[in-house]
There are 4 protein chains.
Amino acid sequence: MAPRSQNPEEVKERILRSASDEFARIGFDGARVDRIAKRARVSKNMLYYYYKSKQQLFIAALEKTYEVLREDQKDFSSPELEPLQALDQLIHQTFISLERNPNAIRLLNEENRHEGKFLKRSSRVKNLYNPLLQSMQNILYQGCKSGVFRSNLDPVIVYLTFSSLCYHYLSNQFTLQIALNRSLESPTARQDWVKHIREVIHMYCLAEHRRPDSSI
Amino acid sequence: MAPRSQNPEEVKERILRSASDEFARIGFDGARVDRIAKRARVSKNMLYYYYKSKQQLFIAALEKTYEVLREDQKDFSSPELEPLQALDQLIHQTFISLERNPNAIRLLNEENRHEGKFLKRSSRVKNLYNPLLQSMQNILYQGCKSGVFRSNLDPVIVYLTFSSLCYHYLSNQFTLQIALNRSLESPTARQDWVKHIREVIHMYCLAEHRRPDSSI
Amino acid sequence: MAPRSQNPEEVKERILRSASDEFARIGFDGARVDRIAKRARVSKNMLYYYYKSKQQLFIAALEKTYEVLREDQKDFSSPELEPLQALDQLIHQTFISLERNPNAIRLLNEENRHEGKFLKRSSRVKNLYNPLLQSMQNILYQGCKSGVFRSNLDPVIVYLTFSSLCYHYLSNQFTLQIALNRSLESPTARQDWVKHIREVIHMYCLAEHRRPDSSI
Amino acid sequence: MAPRSQNPEEVKERILRSASDEFARIGFDGARVDRIAKRARVSKNMLYYYYKSKQQLFIAALEKTYEVLREDQKDFSSPELEPLQALDQLIHQTFISLERNPNAIRLLNEENRHEGKFLKRSSRVKNLYNPLLQSMQNILYQGCKSGVFRSNLDPVIVYLTFSSLCYHYLSNQFTLQIALNRSLESPTARQDWVKHIREVIHMYCLAEHRRPDSSI
DNA sequence: GATGAATGAGATTTCATTCAT
DNA sequence: CATGAATGAAATCTCATTCAT
């Protein structure tokens, strides 16, 4: 009656995607295993066959999310790019990646509400950002050497600065729109915001004599 | 057995506080009406007497949260302060307020996950930020007139910039700590971050000749 | 639709009786909470309202069983009875009590399979047999003083002896019948067995010169 | 992945042992086919290949148990032994056998809870005790002829008497210990009990003039 | 105002068993 | 012989909400 003997990898993947959607939309507690199974066109039992529990499923979804995010941010150490361009592109890519992948924000928020308890059990995620920070370090170092950036920039701080600006805009767009009474959803509004982030980062990172003119 | 006949206002307040804690800690779906009632030392029936449903209770908690937040940000239009000092203080106060009130972040995130559906029904919250934006407008205008700030600054953008930096750091501290492998919880780490936010905002807002020396 | 607001004590009692039946018939693991609730004409939720879990329900059933058993064995210290008659009556009553209360045997066996883990959590059952052993002590002491019984009889050993003979006959009647190829269910078979137990106990307890003639 | 191609008899034996353990420990309903298979290091499908269902597996385990028990009680009709010694040894062996084989007690109890329904379907077990009863008959007859035992002893009754005393002590040790507040597990406690059983049986079976002195 | 008792729907998880290979 | 994947039914327990008093 139901499909038998499918490709197990594909089944696991379908379950995971369905779980990501559900967890992102309604959070861990609100999420329903029934719905996850149904949308994955799998019986509940199969779900439990592959993932041992709702928790484990959540962890798997979270790990997948991180991996996708990191994948999106990968191509920045390309040495042909000028440091400033590399930074600009990283900012742009970070924003695009979060924008394209709204589940990611929701899952990360969810995980933060649970104070990191799921992630703590996952060894796959720890230090996942090391390569990114490493390549940011490179960018900043190159930029400093060539006199474009000021010295002593901490890559963690720089990353935290622009990623906060990307993330929060998207993450809290609904309450922000209502409270600030301004639309944040239109493509132009978003492009403007990315441009703004770049400007902020430029002002912060560039050496004094290279800073943009403020009278734009 | 005998009716307690307590002050109804106090009872409502107790319920609301308990609800805020529960909703913040476990989200709307995970929250349990039983637990809220028990922690408020109230019978479930009383809870339903004062608030009609779990949803209404959530809305009430959300509204309360916004009011507290706004209350915290109130005293900045004081005309005695220099514009730059006023801005600095607003940043500081925003961070402190979110830090002291972790429920607020969780509730706002929760509301964003629900795509603002609760807030849309609440008339009390809309335009709640108008006074704040108005006083920011004043600060920026004064600063511009006196040549401290550059011209054409958009108060919404400036507010969004520093509040993103305050909010995201606190909201996502758990995943950030794990992914970036750096502690964000210590008082000094937090003070440093506030200082950093101020620096970023200064660079962005100050007129060119007033900008801080980047070689700090 | 369903009966509202019944006498809660009666409801609890109904649940307990139904649970005893179910646990006795099918054991802890085989027992179904659904069936227990249905037979008690109660919704499952009410069952969980009064007893927190299946385990607690089992413990409650076990405690009730012990209390009923002990109640049945109560009236033996009556000082008017001759020691020998008192002993005879205790044997008889023990057998009757177990025979009338087949759930008791099943529940006790169940508890033994679980190696006493439920009972260990119950404070109500421990030393429940103290009064019985005390009154047996009295009987044996009186009998010894009057020269009917031999001296140095251990009440625990005597009790264990005749209760083993009562219990095992009833507990294992099904396998015994098949293996020994003899009916054990008829009233006369049972009366004969009780008579046999009495004879065995007499031979063991009576002083030498009082022992029954073996050539019956 | 590659077929193990093990000795089928050995595989069946492993399954049976694992099943005995599981059924004894947790009863028929609580037992899990998964666990039985895993502990036997066999895939579930193999288990179903050799035994058609959980029920059949239980019956097989039960039959095996009876055979082992009977095997243990076999060597008593040896005509060299004096009748009294033969009886003593049979008692001793019965106790030892049950003590060494705790699964047996649990399985028999389980079967009794099911009111013998599994056993009724098994032809192998019926009259399994005939040889034992036959040899008891011989012992009692020899003993009577030589004046050691009194006449008219029913072997079924005698067997039932001492086997009740052996079985119940072991079967219900956990509840008995708690209710009677006396340890029954130590080797000396058990030796004492076997000695007690012998004394009881002696008093019951021996001809009047041969009975032991009660003033021990 | 206040409470204990009650409800119906539904949540996660488990299990004996079978199919396809 | 042997296995991983699949299934359907059912089990225990939970929860927001309401009724009767």
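Residues numbered from 1 in each chain as written. Chains lettered and ligands numbered in written order. Predicted model: local features only at pLDDT ≥ 70, side-chain atom pairs only at ≥ 80, totals over all residues. Heavy atoms only, no water.

Undergrad: What exactly am I supposed to notice about the overall build of chain A here?
TA: Assigned secondary structure in chain A consists of eleven helices and zero strands. Written out in order from the N terminus, the α and β elements of chain A read α-α-α-α-α-α-α-α-α-α-α. With respect to the three principal axes, the spread of C-alpha positions in chain A is 70 × 40 × 30 Å. In chain A, buried positions account for 57% of the 216 residues. Sequence-distant contacts, at least 24 apart, represent 66% of the contacts inside chain A between residues at least 6 apart. Carbon and sulfur atoms form 48% of the exposed surface of chain A, whose accessible area is close to 10,400 Å². (Helix = DSSP H or I, 4+ residues; strand = E, 2+ residues; numbered from the N terminus. Buried < 20%, exposed > 50% of the residue type's maximum accessible area, 1.4 Å probe, protein only. Contact = heavy atoms within 4.5 Å. Areas by Shrake-Rupley, 256 points an atom, 1.4 Å probe, with all protein chains shown as cover.)

Undergrad: I'm lost on the nonpolar core in this one. Help?
TA: If you look at soluble globular proteins, the nonpolar side chains tend to sit buried side by side. Within the largest apolar cluster, 140 residues are counted, with the highest numbers of intra-cluster contacts made by Phe23(A) and Phe23(B). Apart from residues lying up to four places away in sequence, Phe23(A) is in contact with Phe28(A), Ala31(A), Ile36(A), Lys54(A), Leu57(A), Phe58(A), Ala61(A) and Leu107(A). With 139 residues, the next largest nonpolar core counts Leu16(C), Ala31(C), Tyr66(C) and Ala31(D) among its residues. (Core = buried A, V, L, I, M, F, W, Y, C linked by side-chain atoms within 4.5 Å.)

Undergrad: Help me out: how do you make sense of the relation of the copies chain B and chain A in this one?
TA: Between the two chain copies there is a screw-like relation: a rotation about an axis and a shift along it. Take chain B, turn it by 180 degrees, move it 0.0 Å along the axis, and it overlays chain A with an RMSD of 0.1 Å. On the angle and the small slide along the axis, the relation comes out as a two-fold axis. Comparing contact sets, 100% of the residues at the interface of chain B also lie at the interface in chain A, consistent with an isologous, same-surface contact. (Least-squares fit on C-alpha atoms with pLDDT ≥ 70 in both.)

Undergrad: Sorry if this is basic, but what is going on with the interface of chain D and chain C here?
TA: Reports often express the size of an interface as the amount of accessible area lost when the parts come together. Listed as interface residues are 58 residues of chain D and, on the opposing side, 58 residues of chain C. Of the roughly 5,300 Å² buried between chain D and chain C, counting both surfaces, carbon and sulfur atoms make up 61%. Inspection of the region where chain D meets chain C yields six salt bridges. Arg113(D) serves as the salt-bridge partner of Glu110(C), at 2.6 Å between the closest nitrogen and oxygen. Across the contact surface, chain D and chain C share 16 residue pairs in polar contact (both at pLDDT 80 or more). Of all the secondary-structure elements, those providing two or more residues to the side of chain D that touches chain C are α1 (8-30), α6 (102-113), α7 (117-120), α9 (155-171), α10 (173-180) and α11 (187-205) of chain D. Among the elements that make up the side of chain D that touches chain C, the one with the highest residue count is α9(D) (twelve residues). Classifying every residue of the side of chain D that touches chain C by side-chain character gives 25 nonpolar, 17 polar and 16 charged. (Buried area = accessible area lost by both parts, 1.4 Å probe. Salt bridge = Lys/Arg side-chain N within 4 Å of Asp/Glu carboxyl O. Polar contact = N/O pair within 3.5 Å; in protein donor to acceptor, adjacent residues only side chain to side chain. Nonpolar A, V, L, I, M, F, W, Y, C, P; charged D, E, K, R; others polar.)

Undergrad: Explain the domain arrangement of chain A to me, please; I cannot follow it from the model alone.
TA: Residues and elements named next belong to chain A. Each assigned domain of chain A is listed here: domain 1 (1-52) and domain 2 (63-210). If you average the C-alpha positions of domain 1 and of domain 2, the two centres end up 31 Å apart. Contacts between the two partners involve nine residues from domain 1 and, on the opposite side, seven residues from domain 2. Taken over both partners, the interface formed by domain 1 and domain 2 buries close to 660 Å², and the fraction arising from carbon and sulfur atoms is 59%. Three residues stand out in domain 1 for area buried against domain 2, namely Ser20, Ala24 and Phe28, and they jointly supply 55% of the buried area on that side. Counting across the domain 1 and domain 2 interface gives one salt bridge. Between Glu13 and Lys64 there is a salt bridge, and its shortest N-O distance comes to 3.7 Å. Viewed at the interface, domain 2 and domain 1 are joined by two residue pairs in polar contact (both at pLDDT 80 or more). (Domains from an automatic or database assignment.)

Undergrad: I keep staring at the relation of the copies chain D and chain C and nothing clicks. Help me out?
TA: Once chain D has been moved 0.1 Å along the axis and rotated by 180 degrees, it coincides with chain C to within an RMSD of 0.1 Å. Of all interface residues in chain D, 100% are interface residues in chain C too; the two copies therefore contact each other through one and the same surface.

Undergrad: How do you make sense of the environment of Arg32(A) when you look at a structure like this?
TA: Residue and element names in this part refer to chain A. Mapping Arg32 onto the fold places it in the loop between α1 (8-30) and α2 (33-39). Residue classification places Arg32 among the partly exposed residues on the basis of a relative accessible area of 40%. The spatial distance from the C-alpha of Arg32 to the C-alpha of Ala19 is 9.1 Å, given a sequence separation of 13 residues. Separated by 3.2 Å, the side chain of Arg32 and the backbone oxygen of Asp29 make a polar contact.

Undergrad: Help me understand the side chain of Glu111(A), please; the structure alone is not making it clear to me.
TA: Here Glu111(A) lies in helix α6 (residues 102-113). When its relative accessible area of 0% is taken as the criterion, Glu111(A) is described as buried. A polar atom in the side chain of Glu111(A) sits 3.3 Å from the backbone nitrogen of Phe118(A). Filtering out sequence-adjacent residues up to four positions away, Glu111(A) remains in contact with Phe58(A), Leu62(A), Gly116(A), Lys117(A), Phe118(A), Leu119(A) and Thr175(B).

Undergrad: Where do I start with the packing of helix α7 (residues 130-145) of chain C against helix α8 (residues 155-171) of chain C in this structure?
TA: Residue and element names in this part refer to chain C. At a minimum axis separation of 9 Å, α7 and α8 run at an interaxial angle of 105 degrees. As judged from the angle between their axes, α7 and α8 are roughly perpendicular. Packed against α7, whose contacting residues are Leu132, Leu133, Met136, Gln137 and Leu140, the element α8 presents Pro155, Val156, Val158, Tyr159 and Phe162 at the interface. Tallied by class, the residues present in the contact of α7 with α8 amount to nine nonpolar, one polar and no charged. (Axes fitted to C-alpha atoms, helices over the stretch in contact; angles between N-to-C directions. Parallel < 35°, antiparallel > 145°, perpendicular 65-115°, else oblique.)

Undergrad: What is the right way to look at the interface of chain B and chain A in this model?
TA: In this complex, chain B contributes 58 residues to the contact, which on the side of chain A involves 58 residues. Across the interface of chain B and chain A, roughly 5,400 Å² is buried in total on both sides, 61% from carbon and sulfur atoms. Here chain B is connected to chain A by six salt bridges. Between the two partners, chain B and chain A, sit 16 residue pairs in polar contact (both at pLDDT 80 or more). Those elements giving two or more residues to the side of chain B that touches chain A turn out to be α1 (8-30), α6 (102-113), α7 (117-120), α9 (155-171), α10 (173-180) and α11 (187-205) of chain B. In terms of residues, the side of chain B that touches chain A owes the most to one element, α9(B), which gives twelve residues.

Undergrad: Where do I start with the pattern of salt bridges in this structure?
TA: One side chain can pair with another of opposite charge once the charged atoms of both are near each other. By the definition in use, this model includes 51 salt bridges over all chains. When salt bridges that share partners are traced, they join Glu22(A), Arg25(A), Arg35(A) and Arg39(A) into one network.

Undergrad: Explain the packing of aromatic side chains to me, please; I cannot follow it from the model alone.
TA: Aromatic rings considered in pairs are described by the distance between their centres and by the relative angle of their planes. Here the structure, examined in full by the defined rule, presents 32 aromatic pairs over all chains. When the centroid spacing of 5.8 Å and the interplanar angle of 10 degrees are considered together, the rings of Phe23(A) and Phe28(A) count as stacked. Taken as a pair, Phe23(A) and Phe28(A) share a single burial class, namely buried. An angle of 85 degrees between the planes, with centres 5.3 Å apart, marks the rings of Tyr159(D) and Phe162(D) as edge-to-face. Highlighted residues: Tyr159(D) and Phe162(D), both in helix α9, separated by three residues, approximately one helical turn. With relative accessibility at 5%, the residue Tyr159(D) sits in the buried group. On the basis of relative accessibility, which here comes to 0%, the residue Phe162(D) falls in the buried class. Within the aromatic cluster, the residues linked to one another by ring pairs are Phe23(A), Phe28(A), Phe58(A) and Phe118(A). Here the basic side chain of Lys12(B) rests over the ring of Tyr51(B), its NZ or CZ set 5.7 Å away from the ring centre. Taking NZ or CZ as reference, Lys54(B) lies 4.8 Å from the ring centre of Phe28(B), over its face. (Phe/Tyr/Trp six-rings, centres within 6.5 Å; stacked < 30°, edge-to-face > 60°. Lys NZ or Arg CZ within 6 Å of the ring centre and 35° of its normal.)

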